[in-house]
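Results of the structural survey
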Amino acid sequence: GGVAAFLCHVSAHIVSVLCAMAQADRTSCEAEQKSAEQLALDSHKQFLAESVSVQQYLDENIVPSLLPALNAVAAERPEDPVGWLADYLAKNKVPPLVGTAPRYSKTTTIRRLSTS
């Protein structure tokens, strides 16, 4: 009985150590998963913040020049619209309106293009 009892005790100890290791791995895995989820959330928040700044940059620096150019190319309808547009933009530079550009919706832009 002594050897069998000893082996049973050792086996029980090994099982409890393995269970503790598995629990630690599971806890570590859960922490890593939460960390990965937080990283993804932070990246998404950064992407949204950068998207807003990209929109603001375009509204302030591109739209004031591009919208009149698109109106003009739509009215003119040249054979080479891209080349014509490039020439128009080169000749008619509008200084950027830092912080003062209006927000244009797609509907407003389309309406302006179609009424020119």
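Please read these numbers as outputs of a predicted model, since none were measured by experiment.

For the rest of this paragraph, the subject is the overall build of the protein chain. Tallying secondary structure elements over the protein chain gives four helices and zero strands in all. Beginning at the N terminus, the succession of helices and strands in the protein chain can be written as α-α-α-α. Counting over 116 residues, the protein chain shows a buried share of 11%. Long-range contacts, defined as pairs at least 24 residues apart, comprise 60% of the intrachain contacts of the protein chain with a sequence gap of at least 6. Total accessible area computed for the protein chain in this model is approximately 9,100 Å², and 64% of it derives from carbon and sulfur atoms.

Let us now look at the confidence of the model for the protein chain. Averaged over all residues, the pLDDT of the protein chain is 74; the fraction at 70 or higher stands at 70%. When pLDDT is averaged over each helix and strand of the protein chain, the minimum, 48, is found for helix α4 (residues 106-115) and the maximum, 92, for helix α3 (residues 81-91). Confidence over residues 100-112 falls short of pLDDT 50; this stretch has 13 contacts with residues more than four positions distant or in other chains.

Here the focus is the packing of helix α2 (residues 63-76) against α3. Contact pair α2 / α3: the axes reach a minimum separation of 10 Å and the direction vectors enclose 135°. By the angle between their directions, the pair α2 and α3 is classed as oblique. Viewed along their axes, α2 and α3 form a crossing whose handedness is right-handed. Residues Ser65, Leu66, Pro68, Ala69, Leu70, Ala72, Val73 and Glu76 of α2 lie in contact with α3, whose contacting residues are Pro81, Trp84, Leu85, Tyr88 and Leu89. Along the lines of polarity and charge, the residues of the contact of α2 with α3 split into 11 nonpolar, one polar and one charged.

Glancing now at unusual backbone geometry. Positive phi, normally seen in glycine, also occurs at Arg77, with a value near 50°. Secondary-structure assignment places Arg77 in the loop between α2 and α3.

As for its position among the elements, Ala72 is in helix α2. For the pair Ala72 and Tyr88, spaced 16 residues apart in the sequence, the C-alpha separation amounts to 8.5 Å. Beyond its immediate sequence surroundings of up to four residues, Ala72 is in contact with Trp84 and Tyr88.

Its location among the elements puts Ala74 in helix α2. Overall, Ala74 belongs to the partly exposed group, its relative accessible area being 27%. Along the backbone, Ala74 and Leu85 are 11 residues apart, and their C-alpha atoms lie at a distance of 9.9 Å.

Conventions adopted
- Residues numbered from 1 in each chain as written.
- Predicted model: local features only at pLDDT ≥ 70, side-chain atom pairs only at ≥ 80, totals over all residues.
- Heavy atoms only, no water.
- Helix = DSSP H or I, 4+ residues; strand = E, 2+ residues; numbered from the N terminus.
- Buried < 20%, exposed > 50% of the residue type's maximum accessible area, 1.4 Å probe, protein only.
- Contact = heavy atoms within 4.5 Å.
- Areas by Shrake-Rupley, 256 points an atom, 1.4 Å probe, with all protein chains shown as cover.
- pLDDT = per-residue confidence, 0-100.
- Axes fitted to C-alpha atoms, helices over the stretch in contact; angles between N-to-C directions.
- Parallel < 35°, antiparallel > 145°, perpendicular 65-115°, else oblique.
- Left-handed = near helix turned anticlockwise from the far one by under 90°.
- Nonpolar A, V, L, I, M, F, W, Y, C, P; charged D, E, K, R; others polar.

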